[in-house]
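# Structural features, examined
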Amino acid sequence: MPYKLSHPEYLTLTGPDGTRYRGGDQEWYHDLWQRRAGCGPTTAAALLSYLAQAHPVLAPMAPGEAHTQAGFLAYMEAVWPYVTHGSRGLDNPENMVLGCRSFAQSRGCYLKGEVLPIARRPQRPSSAQCRAFLAQALGRDCPVAFLNFSNGALKNLDSWHWVPLISMTEGERVLLCTILDEGEERVIDLWLDTTFLGGALVTLWPDPDVGHLHEA
């Protein structure tokens, strides 16, 4: 069964020459360190931008010019200070959640988040657990941040890298997922069987309890 975002076009960006991009690219940052370590903030910007456009309660988080390359780069720069990163970039998935929640709160919005750690063998979750996590997140119309420390056998995914994950299709012995990276849309088979370092899946969604308080 396929699971996908209801409006994937919300993450299509147009450059000044008319070039169309799928999601952002950390290479757009002006600073060298940001270009080297910016996959986490770039992924966070994609998640926050989509959530703001897809969920009206989160509209104040939206980029000013959500569908232009320049507007999205400005959003990436705004997100950068909130998404904690160290000498090896953003290598703690909990910091992805905390950073995104802090950014949301700075704009009067509230998020909940969940992390599915993908540890080294033999403690890592099963394919079925990953499938359930992705199905629940995408079923809420929320993209997923995917962190992998080793790309295993995948040729179209970098190691030590964050990407937004926007759809999942189940097949026989495969879990095909659509990711956005370097301004492109790519399909990968979730890499559990071939990676040896693991990573994490992170999801964020509107905090329903805050919404109920506002209604009251």
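This structure is a prediction, so every number in the text was calculated from the model and none was measured.

### Concerning the environment of S167
Its location among the elements puts S167 in strand 6 (residues 161-171). Residue class for S167 comes out buried when judged on its relative accessible area of 13%. Along the primary structure S167 and A135 are separated by 32 residues, whereas in three dimensions their C-alpha atoms are 8.9 Å apart.

### A short note on the packing of helix 2 (residues 39-54) against helix 4 (residues 93-106)
The angle between the axes and the distance between the axes are what describe a pair of packed helices. Relative to each other, helix 2 and helix 4 sit at 50 degrees, their axes nearing to 11 Å. Taken together, the axes of helix 2 and helix 4 lie oblique to each other. The way helix 2 lies across helix 4 gives a crossing that is right-handed. When helix 2 is examined against helix 4, the residues G40, T43, A44 and L48 are found in contact with a partner set consisting of M96, C100 and F103.

### Concerning the nonpolar core
Judged by nonpolar contacts, the single largest core of 67 residues is most densely connected at M61, M96, F146 and L201. Counting residues per element, this core draws most heavily on helix 2, at nine residues. When residues no more than four places from it in sequence are discounted, the contact partners of M96 are G40, T43, A44, V83, L90, A145, W162 and V202.

### Here's the deal with the packing of aromatic side chains
Evaluation of the coordinates by the stated rule reveals seven aromatic pairs. The interplanar angle of 70 degrees and the centroid separation of 5.4 Å between the aromatic rings of Y29 and W80 together place this pair among those described as edge-to-face. Placement of the pair is Y29 in the loop between strand 3 (20-22) and helix 1 (32-37) and W80 in the loop between helix 3 (69-79) and helix 4, with a sequence separation of 51 residues. Pair check on accessibility: Y29 and W80 agree, each one buried. When the ring centre of W205 is taken as reference, the NZ or CZ atom of R140 above it lies at 3.9 Å.

### Re helix 3
Along helix 3, the residues classified as buried are Q69, G71, F72, L73, Y75, M76 and V79. On its buried face, helix 3 sits against strand 2 (12-14), strand 3, helix 2 and helix 4.

### Remarks on the side chain of D141
Tracing the backbone through its elements, the reader meets D141 in the loop between helix 5 (127-139) and strand 5 (144-148). No salt bridge is formed by the buried D141, whose closest oppositely charged neighbour, K4, lies at an N-O distance of 11 Å. Not counting residues up to four positions away in its chain, the partners in contact with D141 are L5, S6, Y50, L51, A54 and H55.

### What to know about the state of the cysteines
If you walk through the whole model with that rule in mind, you get zero disulfides. Its sulfur unpaired, C100 is 12 Å from the next cysteine sulfur, which belongs to C142.

### Comments concerning the packing of helix 2 against helix 3
Running from N to C, helix 2 and helix 3 cross one another at 110 degrees; their axes reach a closest spacing of 9 Å. One way to sum up the angle between helix 2 and helix 3 is to call them roughly perpendicular. The handedness of the crossing between helix 2 and helix 3 comes out as right-handed. Across the interface between the two elements, P41, T42, A44, A45, A46, L48 and S49 from helix 2 touch F72, Y75, M76 and V79 from helix 3.

### Quick word on the environment of C100
Tracing the backbone shows C100 in helix 4. Along the chain, C100 and P41 lie 59 residues apart, while their C-alpha atoms are 9.2 Å from each other. In this structure C100 touches A44, L48, L111 and L204, once residues within four positions along its chain are discounted.

### A closer look at unusual backbone geometry
For D141, which is not a glycine, the phi torsion comes out positive at approximately 65 degrees. The exposure class of D141 is buried, given its relative accessible area of 14%. With a phi close to 55 degrees, E182 is a non-glycine residue in the positive phi region. One can find E182 in the loop between strand 7 (174-181) and strand 8 (184-189).

Parameters and conventions
- Residues numbered from 1 in each chain as written.
- Predicted model: local features only at pLDDT ≥ 70, side-chain atom pairs only at ≥ 80, totals over all residues.
- Heavy atoms only, no water.
- Helix = DSSP H or I, 4+ residues; strand = E, 2+ residues; numbered from the N terminus.
- Buried < 20%, exposed > 50% of the residue type's maximum accessible area, 1.4 Å probe, protein only.
- Axes fitted to C-alpha atoms, helices over the stretch in contact; angles between N-to-C directions.
- Parallel < 35°, antiparallel > 145°, perpendicular 65-115°, else oblique.
- Left-handed = near helix turned anticlockwise from the far one by under 90°.
- Contact = heavy atoms within 4.5 Å.
- Core = buried A, V, L, I, M, F, W, Y, C linked by side-chain atoms within 4.5 Å.
- Phe/Tyr/Trp six-rings, centres within 6.5 Å; stacked < 30°, edge-to-face > 60°.
- Lys NZ or Arg CZ within 6 Å of the ring centre and 35° of its normal.
- Lys, Arg positive; Asp, Glu negative; His and termini not counted.
- Salt bridge = Lys/Arg side-chain N within 4 Å of Asp/Glu carboxyl O.
- Disulfide = S-S within 2.5 Å.

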